[in-house]
Amino acid sequence: MNICASPLAEHPNPLPPALALPTRTPRQRTLAVGVVGPGRVGSALLEQLRAAQPRLARDSGLDLRLCGVVASKRMWLDCDDPELNARHHSAQTWRPSDLDEFAAHVRGNEGRHALLVDCSANPAVAAHYPHWLASGIHVVTPNKLAGSGDLAQWRAIRAACAHGARFRYEATVCAGLPVVQTLRDLLDTGDRMLSIEGMFSGTLAWLYNRHDGQLPFSTLLREAHALGYTEPDPRTDLSGIDVARKLVILAREAGLPLSLEDVEVESLVPPALAALPLDAFMQRAHELDAPMAARLASAHTAGGVLRHVASLDHAGRARVRLAVLPSSHAFAHTRLTDNIVQFRTERYRDNPLLVQGPGAGPEVTAAGVFADMLRIAESLAVHA
């Protein structure tokens, strides 16, 4: 029995042809892509790119053409290995890394649209951004070092964008969450930022969600380290510097000329443990237990919870600290490694706008990078 009803039987009075929805032919666009840093995030991005290429070509007319991958010492170019798109880890032809040669290859000679994705954490790579952008190459990155580094370099990057190339960096703050774009949309539509407050570290969110007094803080820290939630050296998370970098990026997006040294940062690493080798620090991590237990007890006495919070106001006052928040606060009800950002603006003065979700992990970070790539691709003109 045929269970597929005839369209005419289901709709006895179909729309006349003049009113039917037109068939949309995707405009054909090609974007040459080069990836710097095939580590955890870079490798996840390459997998997502490979999986999405057929769908994007079919549905959007977009050819995302992977032209090369560069690591710290070696690079692969598609002119050397035509199977690069499918075999970036086992390309047969390796060249010594040369960022200038790599960028020139991705840009090509025929004036094609070109984009470089920097998934490294290397300041030497970020130093190339102004030149790349000025030469017409778009740049996308989850690398926080450019957005939170030297203010003069940041201004040079923004000035280079005047030539028409796009610079996008959504994944520098809260991985794949739309935090930078949300702030940009608010400001571009005429809203005024009053304050930004957030939990920007998935590691510290996990630690203080779990730290309820049942287990010593050092036990939770070692568990987080074993699970890969922390940086290789957990003091990178506990110092608060990584969170401060994210706050600087948002401050600059809001037009505030903030630098890292302008942020008041409370480090959770005692001075006696700060300079130790990693193994020695991990052996003495129990020295964190007593002060953390005392902070937790004070929070319970006040009827609140401990949360690691960063805050920025419209005057540029920026602070990163371990804070006691009331149990009714939105930050008191996050889950595991969730990041959460609260925007208080003229429009959202009484009921702040919240962005919340997973803010760590190579897959979600790569997805944030990929989304930035697609936003750039959507704006491209069609080249014959």
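In this text the structure is predicted, and so the values were computed from the model without any measurement. (Residues numbered from 1 in each chain as written. Predicted model: local features only at pLDDT ≥ 70, side-chain atom pairs only at ≥ 80, totals over all residues. Heavy atoms only, no water.)

(A) Local environment of the sheet that holds strand β7 (residues 167-168). If you walk across this open sheet you meet the seven strands as β4-β3-β2-β1-β5-β6-β7, and the pairing is mixed. Both outer strands of the open sheet, β4 (95-96) and β7, are each paired with one neighbouring strand and no more. Where strand β1 (residues 29-36) lies against strand β5 (residues 113-118), six bridges are found, and the strand directions are parallel. Its bridge partner being in β5, valine 33 is matched across the sheet by leucine 115. Packed on one face of the sheet, helix α2 (residues 40-60) meets β1, β2 (62-70) and β5 and runs near 155° to β2. Lying on the sheet, helix α16 (residues 362-378) is in contact with β1, β2, β5, β6 (138-140) and β7; it crosses β6 at an angle near 160°. (Pairing = 2+ DSSP bridges. Helix = DSSP H or I, 4+ residues; strand = E, 2+ residues; numbered from the N terminus. Contact = heavy atoms within 4.5 Å. Axes fitted to C-alpha atoms, helices over the stretch in contact; angles between N-to-C directions.)

(B) Structural view of the nonpolar core. With 54 residues, the main nonpolar core has Tyr129, Trp132, Val179, Phe200 and Leu312 as its most contacted residues. Here this core takes seven residues from helix α12 (residues 241-253), the largest share from any one element. Mapped onto the domain boundaries, this core takes at least three residues apiece from domain 1 (29-81 + 92-176 + 364-382) and domain 2 (180-358). With residues near it in sequence (within four places) discarded, valine 179 still touches Glu170, Val173, Cys174, Leu250, Val341, Phe343 and Val355. (Core = buried A, V, L, I, M, F, W, Y, C linked by side-chain atoms within 4.5 Å. Buried < 20%, exposed > 50% of the residue type's maximum accessible area, 1.4 Å probe, protein only. Domains from an automatic or database assignment.)

(C) Spotlight on the pattern of salt bridges. This model, assessed by the stated rule, comprises 19 salt bridges. When the shortest N-O distance is used, the salt bridge between arginine 58 and aspartate 59 registers 3.0 Å. The class of arginine 58 is exposed, set by a relative accessible area of 57%. Judged by its relative accessible area of 41%, aspartate 59 falls in the partly exposed class. What emerges from the salt-bridge pattern is a single network uniting Lys144, Asp242 and Lys246. (Salt bridge = Lys/Arg side-chain N within 4 Å of Asp/Glu carboxyl O.)

(D) Looking closely at α2. The first and last C-alpha atoms of α2 sit 28 Å apart over 21 residues, in line with the 30 Å expected at 1.5 Å per residue. Within α2, the axis deviates most sharply at alanine 52, by approximately 45°, and proline proline 54 lies no more than four positions further along. Taken together, the buried positions of α2 are occupied by Val41, Gly42, Ser43, Ala44, Leu45, Leu46, Leu49, Ala52, Gln53 and Leu56. Contacts made by the buried residues of α2 are with β1, β2, β5 and α16. Phi turns positive one or two residues past the end of α2, at glycine 61, with a value near 65°. (Expected span 1.5 Å × (residues − 1). Bend = angle between axes of the 7 residues up to and from the residue.)

(E) A look at the sheet that holds strand β11 (residues 318-326). A sheet is described by the order of its strands in space; here six strands give the open sequence β9-β11-β10-β8-β12-β13, paired in mixed fashion. Each end of this open sheet is capped by a strand with a single partner; those strands are β9 (263-265) and β13 (353-358). Averaged over neighbouring strand pairs, the angle between their axes works out to 30° when direction is ignored. Two elements, β9 and β11, share three bridges in a ladder whose sense is parallel. Among the inter-strand pairings, glutamate 264 is bridged to a residue of β11, identified as arginine 319. Along the sheet face, helix α9 (residues 202-210) touches β8 (193-199), β10 (304-313), β11 and β12 (338-345) and points at about 155° away from the line of β10. In the packing of helix α15 (residues 289-301) onto the sheet, contacts are made with β10 and β11, and the angle to β10 comes to roughly 90°.

(F) Representation of unusual backbone geometry. Unusually for a residue other than glycine, cysteine 174 sits at a positive phi of about 65°. Residue placement: cysteine 174 occurs in the loop between β7 and α8 (179-188). One non-glycine residue, alanine 175, lies in the positive phi region at around 55°. With respect to the helices, strands and loops of the structure, alanine 175 is situated in the loop between β7 and α8. Looking at alanine 175, the relative accessible area reads 5%, which means it is buried.

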